[in-house]
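Structural overview for review
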Amino acid sequence: MIKVETVLYQQASLKIKKQINDLLQDIWPSVNDSEAHDSDLVVQSFYVMIDNRIVSYAAVIRLQVIIKDKLYQIGGLSCVATLPSFQGQGLGCKIVARATKWMEDNLDFGVFTCAPDLVDFYYRAGNWKAMSNVVLIGNHDNDALSSRNLDVIVLMRIFSKKALSNYEEITNSIIYLGFSKGQFI
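Report follows, based on the coordinates. Residue positions are given per chain, counted from 1 along the sequence in the order it is written. With pLDDT at 70 or above as the cut-off, local features in this predicted model cover only qualifying residues; side-chain atom pairs require 80 or more to be listed or tallied, and sums for whole chains, interfaces and linings still use all residues. Think of the side-chain values as coming from all heavy atoms in the structure, minus any hydrogens and water.

**Some words on the pattern of salt bridges**
Here a salt bridge means any side-chain nitrogen of Lys or Arg lying within 4 Å of a carboxyl oxygen belonging to Asp or Glu. Under the defined criterion, the tally for this structure stands at six salt bridges. The partner of K101 in a salt bridge is D105, and the shortest N-O contact between them spans 2.8 Å. Of this pair, K101 and D105 both sit in helix α2 (residues 91–106), four residues apart, which is roughly one turn of the helix. A simple rule labels every residue: compare its accessible area, found with a 1.4 Å probe on the protein chains alone, to the largest value its type can have, and call it buried under 20%, exposed over 50%, or partly exposed in between. The exposure class assigned to K101 is partly exposed, which follows from its relative accessible area of 41%. A salt bridge links R157 to E104, with the nearest nitrogen and oxygen atoms 3.8 Å apart. You can see R157 sitting in strand β8 (residues 153–158) and its partner E104 sitting in helix α2, a full 53 residues away along the chain. Strands are runs of DSSP state E lasting at least two residues, helices are runs of H or I lasting at least four, and both sets are numbered from the N terminus onward.

**A word on the sheet that holds β8**
Within a sheet, adjacent strands bond to each other through the backbone by hydrogen bonds, running parallel or antiparallel. Strand order in the open sheet made by the seven strands is β1-β2-β3-β4-β5-β8-β6, with mixed pairing throughout. The sheet is open, and its two borders are formed by β1 (4–8) and β6 (129–130), each paired with just one other strand. Following DSSP output, two strands are said to pair if at least two bridges run between them. Taken together, the two bridges between β6 and β8 define a ladder with antiparallel strand orientation. Its bridge partner lying in β8, A130 is registered against L155.

**Side note on the environment of K181**
With respect to the secondary-structure elements, K181 resides in the segment after β9 (174–176). Residue K181 is classed as exposed on the basis of its relative accessible area, which comes to 60%. Separated by 65 residues in the primary sequence, K181 and P116 have C-alpha atoms spaced 24 Å apart. By definition in these notes, contact holds between two residues if any of their heavy atoms fall within 4.5 Å. Here K181 is in contact with N139 and D143, once residues within four sequence places are set aside.

**Quick notes on the side chain of S56**
Structurally, the position occupied by S56 is in strand β3 (residues 53–67). For S56, a relative accessible area of 0% puts it in the buried group. Polar side-chain contacts of S56 include one of 3.5 Å to the backbone oxygen of A81. With near-sequence residues (within four places) excluded, S56 lies in contact with L23, F46, Y47, V48, A81, T82, L91, G92 and I95. In the analysis that follows, any N or O atom pair within 3.5 Å is treated as a polar contact, provided that within protein one partner can donate a hydrogen and the other can accept it, and provided that, for residues neighboring in sequence, both atoms belong to side chains.

**Points about the layout of surface pockets**
A probe as big as a water molecule, rolled over the atoms, marks out the empty space that is left. Computed from the structure, the largest pocket encloses a volume of approximately 940 Å³. Of the two site types, the cavity is a set of points on a 1 Å grid over the protein atoms alone where a 1.4 Å probe fits but cannot get out, and the pocket is an open set with protein on both sides within 12 Å along at least five of seven lines, each lined by residues with an atom within 4 Å of a point. Around the largest pocket, the lining comprises 33 residues; the ones closest to its centre are W28, S78, C79, V80 and F184. Elements supplying a minimum of two residues to the lining of the largest pocket: α1 (14–27), β4 (70–82), β5 (109–114) and α3 (119–126). At six residues, β4 tops the list of elements feeding residues into the lining of the largest pocket. Here the term charged refers only to Asp, Glu, Lys and Arg, the term nonpolar to Ala, Val, Leu, Ile, Met, Phe, Trp, Tyr, Cys and Pro, and the term polar to all other amino acids, Gly among them. The residue inventory of the lining of the largest pocket, partitioned by class, reads 21 nonpolar, 10 polar and two charged. Grid points are joined across faces, edges and corners, and a volume is the space filled by probe spheres set on the points.

Structure, rendered in structure tokens:
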């Protein structure tokens, strides 16, 4: 039976952090050699380990955002990856489903971006829906990364009662993520 493990990235062992970084470098060779996630981010990590090796991974970046003077606890799915030799076994779907359930239990809503060809995967894996009226912007800088300027689709799920009662304003908003320069989800 495949089990999805979860740990707060900052509390993960050095071995787990190295394996996460190695997997991400295998998938995206441009990933830096130090840490998979910047130390200023709060990251919940999800992974599948087979034969003492992490073969599938996803992260939820935890953030606080303000929309129309209301503070929300949100999460952005990030770094979803499975080693090529383990793809096609449903591991990515299991990771996304587990991360989505964690967000549902702990956050007001989840939001992230993905390539257009991955929208169906995220819908199947976690019931994530495209939100054409939501714009994500990395920070308040003039040159901040934005979902408007990238070839991405914004996906969202609303979880808490508070967020559900403000569904219209959340799903028709510009959300500033408060990231450092160059960071995005």
